[in-house]
Amino acid sequence: MLLGRVLRQCLASHTADVSKYSKAISAHGRRSQWEAALDCLACMRTDGVLPNVISFSAAINACGRGAQWSSALHLLREIAQSQLQLDVIACNSVISACERGSQWSLALQ
């Protein structure tokens, strides 16, 4: 997979930053590869790069595309615990994930 190769090259050259990780997470999300997006988020932390709200929103969106409402809610909680400012994109992505997972009652809370 080209995306995985590019990310590995980026990490090998120690030039990965929050923007590059966020772009990789978004790319996985566009391909409905929610597990790869979450793996990328985990690698980001392992490499000492702190996710920002854009990184989290991209991962939440990827979870939404895969109807992974539970993972999306977990990421929303992480945003709140990290004291990052929630944005409309993250909130809408969680609502969408709940809707796709037939969890309307959670989406309305």
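Data block above holds the structure.
This structure is a prediction, so every number in the text was calculated from the model and none was measured.

Looking at this structure, I do not really get the overall build of the chain. What am I missing?
Along the backbone of the chain there are seven helices and zero strands. Secondary structure elements of the chain, listed N to C terminal, follow the sequence α-α-α-α-α-α-α. Per-residue burial over the chain gives 36% buried out of 109 residues. Taking the contacts inside the chain whose residues are at least 6 apart along the sequence as the reference set, 59% of them involve residues at least 24 apart.

Just checking my understanding: could you explain the packing of helix 4 (residues 53–65) against helix 6 (residues 88–100) for this structure?
A pair of packed helices can be characterised by two numbers: the angle between their axes and the separation between those axes. At a minimum axis separation of 8 Å, helix 4 and helix 6 run at an interaxial angle of 15°. By the angle class used here, helix 4 and helix 6 are roughly parallel. Two packed elements cross with a definite hand, and for helix 4 against helix 6 that hand is left-handed. Of the residues in helix 6, those in contact with Ser 57, Ile 60, Asn 61, Gly 64 and Arg 65 of helix 4 are Ile 89, Ala 90, Ser 93, Val 94, Ala 97 and Arg 100. A class-by-class count of the residues in the contact of helix 4 with helix 6 yields five nonpolar, four polar and two charged.

Any chance you could explain helix 3 (residues 34–46) here in plain terms?
Residue pairs three or four apart in sequence face the same way in an α-helix, which turns once every 3.6 residues. Spanning 13 residues, helix 3 covers 18 Å between terminal C-alpha atoms, matching the ideal 18 Å at 1.5 Å per step. Listed in full, the buried residues belonging to helix 3 are Ala 37, Cys 40, Leu 41 and Met 44. Buried positions in helix 3, seen along its axis, are confined to an arc of 100° and lie on one side of it. When the buried face of helix 3 is taken as reference, the exposed residues oriented beyond 90 degrees from it are Glu 35, Asp 39 and Thr 46. After helix 3 finishes, the residue Gly 48 shows a positive phi value of roughly 80°.

Basis of the calculations
Each residue is numbered by its place in its chain's sequence as written, counting from 1. Only residues with pLDDT of at least 70 are given local features in this predicted model, and only at 80 or more are side-chain atom pairs given and counted; all residues enter the totals for whole chains, interfaces and linings. Side-chain metrics rest on all non-hydrogen atoms present in the structure, leaving aside hydrogens and water. Every helix listed is a DSSP run of H or I at least four residues long, and every strand listed is a run of E at least two residues long, numbered separately from the N terminus. When a residue's accessible area, from a 1.4 Å probe over protein chains only, is under 20% of the maximum for its type it is buried; when over 50% it is exposed; and in between it is partly exposed. Working rule for contacts: check all heavy atoms of both residues, and any pair within 4.5 Å makes them a contact. Every axis in this analysis is a line fitted to C-alpha atoms, fitted for helices over the stretch in contact. Angles between the N-to-C directions lie between 0 and 180 degrees. In this scheme, roughly parallel covers angles under 35 degrees and roughly antiparallel covers those over 145, while 65 to 115 is roughly perpendicular and the rest are oblique. Crossing handedness is defined as follows: a turn of the near helix away from the far one that is anticlockwise and smaller than a right angle gives a left-handed crossing, while the clockwise case is right-handed. Gly is placed with the polar residues, together with every amino acid not listed as nonpolar (Ala, Val, Leu, Ile, Met, Phe, Trp, Tyr, Cys and Pro) or charged (Asp, Glu, Lys and Arg). Take the residue count of a helix, subtract one, and multiply by 1.5 Å to get its expected span. Directions pointing from the helix axis toward each C-beta atom define the arc.

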